[in-house]
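Observations on the model geometry
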Amino acid sequence: MKDLFKYGLVRGLLAMVIGTLAGMALVSVVRLALGLSIWNPDAAWTVGGILGTIAFMIGVGSLTDWYRAASGKPLGMHTHDNPDWSPLQRYLGFSVDHKVIGVQYGVFGLILFLLAGTFALIFRWELAAPGLQLFTGEVESLAGLTGFNTMFSLHGMVMVAAILLCIAAMMNYLVPLMIGAQDMAFPRLNGFSFWITVPSGLLLLAALPLGGVDTGWVGYPPLSTRAPLGMVTFYLGVYLFGFSGILGAINIIVTILKMRAKGMGMFKMPVFVWASLATALIQFAATQLIGLSFLMGLLQRVMDMGFFDIAKGGDVILYQHLFWFYSHPAVYVFVLPGLGVISEVLPVFARKPLYGYKWVALSSVGIALVGYLVWAHHMFTSGMQEYLRVPFMVSTLLVAVPTGVKFFSWTATLWQGKLIFPTPMLFALGAIMIFLVGGLSGPPNALVSTDLYTHDTYFVVGHFHATLFGGFVFPFMAALYYWFPKLTGRMYNERMGKWHFWLQFVGFSVQTLGQMQVGLLGMRRRVADYDAALGITTGQLAVTIAAFVIALGIALMIYNLIYSASYGEKAAANPWRSRSPEFQLPSPVPVHNFDHPIEVVGNPYDYGLKDSIYVRPISTPAAPGD
Amino acid sequence: MSDTQSVNRRVLIASSHPLFARGLTRLLQERQAGDVAVLGVVSSTAEAFQAIQQLQPDLVIVDYDDETLNREDFLAHFMESSGKIRFVLLSLKEGGDQAMVYDRRNIAASQIDEWLSEWTEASPEESQKHTSYAAPDVRSGKMKHWIGAIFLVLLIAAGGIVGLRNARLLTQPASLQAIPIDQAFSVLWIAIASLFALITGLMLYSVIAFRRKKGDESDAVHIEGNNKLEVTWTILPLLTVIGFAVYGSLNLSEVVLPDPQAMEVRVVGQQWSWRFEYPEQGITSNELVLPVDRQVLLRMESQDVIHSFWVPEFRVKQDLLPGRETQLRITPNRTGDFVLGCAEICGSQHAYMTAPVHVLSSADFEQWVFDQTDLPDDPVARGEIWANQYGCLACHSLDGTRLVGPSWQGLYGSETVFADGASRTADAEYLRESILDPNAQIVEGFLPGLMPQNFNEILSDTQIDDIIAFIESLK
């Protein structure tokens, strides 16, 4: 029992339980003193959740060093080289090593990803046929329609959390390696950024046992004001999760701007680093807005503040503006790192330079900037001022320009290459195809008149699943396979990897096109049941089957990764003959990354330029840094 | 010196020894004609840098044995410059037949193979053969690739367009607003299929044609990019986007075109039902019943949370907000039965928040209105309601006052004199004819053409009887 306490996670969870109970007790005492009824679940869970999160952060040890620094004591944390710690202890506790944190982000992200995927399989089962299959219980319970609504709401928001975690995993693990740094600029802040996602993720998931959420992931008031209790922890969990995004983004930005190796000008950085910079800029500046909207939604519900209540002088559409001001740019947070991964993988397996490096790099920044100006295209039917619709249509269409640059540049990179197709390359090519489908199904939603039809139908569902699978899921999996040897020192199983690709590629194509078609034929979003007269029953069944095929592929990947991490073939240092700095290191990457500082002596993607290299160790040992 | 425009490699020779310079020049011209052009010979370091700047050669061959050239200056220039010039230091003394190649910032002896193999290894006959065949070969190979790729792009585009045109993609339209919207969809399908084909066609072709051959570990050609091409594929999409923005705006203006004569219906949404109020007709209904070919202005409001009004066949969609009216204009142009569904998540039974929609011919609609209205049994009282609702009393007074039309007071049974001098007793039959065909006989002192001539479409027989009964009661 006492042994368990050496794991930071265990200490944190225990502290969280105590903190939550203390918070609830506090609320009850205050209410009793005020002569109110002792138990108010909304208020109790709000204060309990906040105190529980703080307690978790203390328990896990994320505040210890800051507390020591503030009270003038020597810092105690050197998890990098604490030889007494077992690997499990390192990964289940507070670490400041960016590679450990990257893995922590990745594993937690994958767990949430699988959970959210399971929610999807459950409601896809329900939608396989008209009528009600699974959710036939009492309407307002989890066994009934509220259960269905909870499934798709949590599928959405838990996926968002999972994606943000996986993005953070890639950026944390790769950015310092790619720019030749020992670690991130602020290692302790980095650890804090990861660990706050654990209590906030748990709060988000607590919405399920607390009666569910039936608003969809958007949580629009006034529906959220009358939603089940789960709404409170849903809002609170996402609000706290936002800290991770903002703090993590600051870390990424500073690391990229200040810690690059000698000779690495901005236009000598690997393109993934550019994508990370653009991503972090969005996260840094936009995340506040969803935090704000969720905080105000929570306060309206718990404290009856009428921010969005017209009867109390509020504005019902204001919430949607605040929400989408983050949540549209968030889409680019999800996809930009993935597009960066594609740009990393293609040149290696085409043995050709990335075509138009500067254009590809700057197009990420372009997408990030234009992404700020398009949020109201989610609101063409909302009842906002009609004259706003045309300018937002124009700005939305403009996103096509920098995105187009990427597509053309990728195509030109492949042209006249010497292509080989191991699993990461398959995923990168599949990602381009799927992202193309996602991008091209955008204009029907961007044009106001056609959006009046497609808005809130399954066409939109098909569209954004294609952008997210093409922009995130496929590239993320390309990344998992591609950097797996750096991560574990072993190779994955190529055969299983290819099976995974084909199952997922075919399954997803059927799913997304099927969703688009049933949407155009009149399938509304977020409904548990549909009219057989719409003629979409076959299409719905096909989408459900496709979803299960995708799940099979992903199960294969999980097995492959877990099995190969222990029993896979030993990996060479540079199995792909990549020029990137991380592949000049041994596999797996040593604790301190680079023994010697490196300098940049060439361009990152000069494949085909004989005997040129990108980076090399600085021959004269530099003075120890830090 | 040969034509410097068409050749692939442009060479500058730096040597103050005439034998070295002329000999090498002649050797290159003889064996590499068409492939290598000697831009010139320079004999001092300063001259060399000037020539490099002006002529931008691909390769500078430096006489390594020439002591008058400052090697260190060359090397420094070479390390600092940003251009892509390659240097070959050729020595006849040191190392015998070996040469050193300096690639920018990166010293690599093997680079010489690429550049010099053709004139150091190949015999004159072979090299001649090589040069005479190589260029056309490369060109025709490129052409073959482009033709193949373009063919694939066109094939996918054609397949995509045909597929999208024939796929069941939209519900049957049933409103005027659906016409521009469906047209926009058709335009979009073509654009989508074409762009999809452009990228996937080129990609698929690359995947098929540019596979690495077994055992080939070498890299592909070193092409870093082309700024002109990048600008092109930035500008062209930008123009396309602007085109679509203009098209989309014009299209939207057609969709939202208001008709001042529109019939008003108030739509009230609440968890989880719909209510429709017809202020002009004084009806409240749970079904939305609309006359065909008449624009209806839906004034919508929610009683609780946000809902959204959507009948797929009408195409357009609008949210209902609590505490604020939103509007939607629809002109049904096809009779039939449809289903209205809520399109904004509104709680547990969102899926079942539906209502039947019936689009009826004008006559059927009036019949429905007639059936719906909670009417008094007395035809006179009903007639008064119709006279009010259909605007009769705007022109016909009930108290003998002269308005635009003859007063109804004392009209029934009186002797009416017409503009043409004829006269007739105003009985039920006369009044019916005057309502249905008002311009047939104009009463003396009044103007023709003022009274609506479509009451046969608007009013049912019973309604006309009721109005006549009302007029009769005003004797």
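Residues numbered from 1 in each chain as written. Chains lettered and ligands numbered in written order. Predicted model: local features only at pLDDT ≥ 70, side-chain atom pairs only at ≥ 80, totals over all residues. Heavy atoms only, no water.

Details of the overall build of chain B
When helices and strands are tallied, chain B shows 12 helices and 18 strands. Considering only residue pairs separated by 6 or more positions, chain B has 66% of its internal contacts joining residues 24 or more positions apart. A total accessible area of about 24,100 Å² is found for chain B, and carbon and sulfur atoms account for 55% of it. (Helix = DSSP H or I, 4+ residues; strand = E, 2+ residues; numbered from the N terminus. Contact = heavy atoms within 4.5 Å. Areas by Shrake-Rupley, 256 points an atom, 1.4 Å probe, with all protein chains shown as cover.)

Focus: the pairing of strand β15 (residues 336–342) of chain B
All names here are of chain B. Across two bridges, the pairing between strand β12 (residues 307–310) and β15 is antiparallel. In the strand pairing of β15, Trp-310 is matched with Gly-341. In the sheet, β15 pairs with strand β16 (residues 354–360) via six bridges, with the strands oriented antiparallel. Counted as the bridge partner of Asp-337 is His-358 from β16. (Pairing = 2+ DSSP bridges.)

As for the sheet that holds strand β14 (residues 326–330) of chain B
All names here are of chain B. One open sheet holds the five strands; their spatial order is β9-β8-β7-β11-β14, and the pairing between them is mixed. With partners counted over all chains shown, the strands left at the sheet margins are β9 (283–285) and β14, one partner each. Each strand axis lies, on average, 25 degrees off the axis of its neighbour in the sheet, ignoring direction. Here strand β11 (residues 296–302) pairs with β14 via five bridges, running antiparallel. Bridging across to β14, Leu-298 finds its partner in Leu-328. Contacting β7 (263–270), β8 (273–278) and β9, helix α8 (residues 362–372) crosses the sheet at an angle of about 95 degrees to β9. (Axes fitted to C-alpha atoms, helices over the stretch in contact; angles between N-to-C directions.)

Quick notes on the sheet that holds β16(B)
All names here are of chain B. The mixed open sheet is built from five strands, whose spatial order is β10-β16-β15-β12-β13. Lying at the two open borders of the sheet, with one neighbouring strand each, are β10 (288–291) and β13 (317–320). The mean inter-strand angle of the sheet, taken between neighbouring strand axes irrespective of direction, is 25 degrees.

As for unusual backbone geometry
All names here are of chain A. Backbone torsion omega between Pro-221 and Pro-222 reads 5 degrees, so that peptide bond is classified as cis. Relative to the helices and strands, Pro-222 resides in the loop between α8 (197–206) and α9 (230–258). A cis amide bond links Ser-587 to the next residue, Pro-588, at an omega of -10 degrees. Along the chain, Pro-588 falls in the loop between α20 (537–567) and β1 (598–600). Phi is positive for Arg-526, which is not a glycine, with a value near 60 degrees. Residue classification places Arg-526 among the buried positions, given a relative accessible area of 10%. (Buried < 20%, exposed > 50% of the residue type's maximum accessible area, 1.4 Å probe, protein only.)

Topic: the nonpolar core
In terms of nonpolar packing, the biggest core is built from 274 residues, with A:Phe234, B:Trp274, B:Phe276, B:Tyr278 and B:Phe309 touching the most fellow members. The element best represented in this core is helix α6 (residues 145–178) of chain A, accounting for 25 residues. Each of two domains, domain 1 (1–87) and domain 2 (95–584) of chain A, supplies a minimum of three residues to this core. The next biggest cluster of nonpolar side chains, apart from the first, holds 25 residues, and it includes B:Trp386, B:Tyr412, B:Ile467 and B:Ile468. (Core = buried A, V, L, I, M, F, W, Y, C linked by side-chain atoms within 4.5 Å. Domains from an automatic or database assignment.)

Quick notes on a nonpolar patch on the surface
All names here are of chain A. On the surface, Leu-26, Val-30, Leu-34, Leu-36, Ile-50, Leu-51, Ile-54 and Ile-58 cluster together to form a nonpolar patch covering roughly 700 Å² of accessible area. Counting residues per element, the nonpolar patch draws most heavily on helix α2 (residues 41–60), which supplies four residues. Within the element layout of this structure, Leu-36 appears in the loop between α1 (8–33) and α2. Given the relative accessible area of 42%, Leu-36 is considered partly exposed. (Patch = residues over 30% accessible without salt bridge, like charges linked within 9 Å, V, L, I, M, F, W, Y side chains within 5 Å. Salt bridge = Lys/Arg side-chain N within 4 Å of Asp/Glu carboxyl O.)

So, the pattern of salt bridges
Summed over the entire model, instances satisfying the criterion amount to 23 salt bridges over all chains. The closest approach of N and O atoms between A:Asp304 and A:Lys312, which form a salt bridge, is 3.2 Å. Here B:Glu217 ties to B:Arg212 by a salt bridge, and the two come within 3.9 Å at their closest N and O atoms. You can call B:Glu217 partly exposed: its relative accessible area is 49%. Residues joined in a network through salt bridges with shared partners are A:Lys262, A:Glu599 and A:Arg616.

Comments concerning the side chain of B:Ser15
All names here are of chain B. One can find Ser-15 in the loop between β1 (9–14) and α1 (18–31). At 3.1 Å, the side chain of Ser-15 forms a polar contact with the backbone nitrogen of His-17. For Ser-15, the residues in contact, after removing those within four places along its chain, are Phe-20, Ala-21, Val-41, Val-42, Ser-43, Asp-63, Asp-66 and Leu-69. (Polar contact = N/O pair within 3.5 Å; in protein donor to acceptor, adjacent residues only side chain to side chain.)

With respect to the packing of aromatic side chains
In this description, a pair of aromatic rings is defined by centroid distance and the angle of the planes. Scanning the model with the defined rule gives 65 aromatic pairs over all chains in all. One Lys or Arg, A:Arg579, reaches over the ring of A:Tyr607 and ends 5.9 Å from the middle of that ring. The ring centre of B:Trp310 lies 4.2 Å from the NZ or CZ of B:Lys317, which sits over that ring. (Phe/Tyr/Trp six-rings, centres within 6.5 Å; stacked < 30°, edge-to-face > 60°. Lys NZ or Arg CZ within 6 Å of the ring centre and 35° of its normal.)

Regarding the interface of chain B and chain A
Between chain B and chain A, the contact holds 95 residues from the first and 98 residues from the second. Across the chain B/chain A interface, buried area totals approximately 8,500 Å², and carbon plus sulfur atoms make up 64% of it. Where chain B packs against chain A, one counts three salt bridges. Between A:Arg577 and B:Glu217 there is a salt bridge whose closest N-O contact spans 3.7 Å. In terms of residues, the side of chain B that touches chain A owes the most to one element, helix α7 (residues 227–255) of chain B, which gives 17 residues. By residue class, the composition of the side of chain B that touches chain A is 50 nonpolar, 26 polar and 19 charged. (Buried area = accessible area lost by both parts, 1.4 Å probe. Nonpolar A, V, L, I, M, F, W, Y, C, P; charged D, E, K, R; others polar.)

Side note on the domain arrangement of chain A
All names here are of chain A. For chain A, the domain assignment lists domain 1 (1–87) and domain 2 (95–584). Put simply, the middle of domain 1 and the middle of domain 2, counted by C-alpha atoms, are 30 Å apart. Each side of the interface is counted separately: domain 1 has 22 residues, and domain 2 has 22 residues. Together domain 1 and domain 2 conceal approximately 1,900 Å² of surface at their shared face, both sides included; 79% is due to carbon and sulfur atoms. The tally of links from domain 1 across to domain 2 stands at two salt bridges. Here Asp-42 and Arg-301 are joined by a salt bridge, their closest N and O atoms 2.8 Å apart. Going through the elements one at a time, α1, α2 and α3 (64–70) are the ones with two or more residues in the side of domain 1 that touches domain 2. At 11 residues, α2 tops the list of elements feeding residues into the side of domain 1 that touches domain 2. Residue composition of the side of domain 1 that touches domain 2, grouped by class: 14 nonpolar, six polar and two charged.

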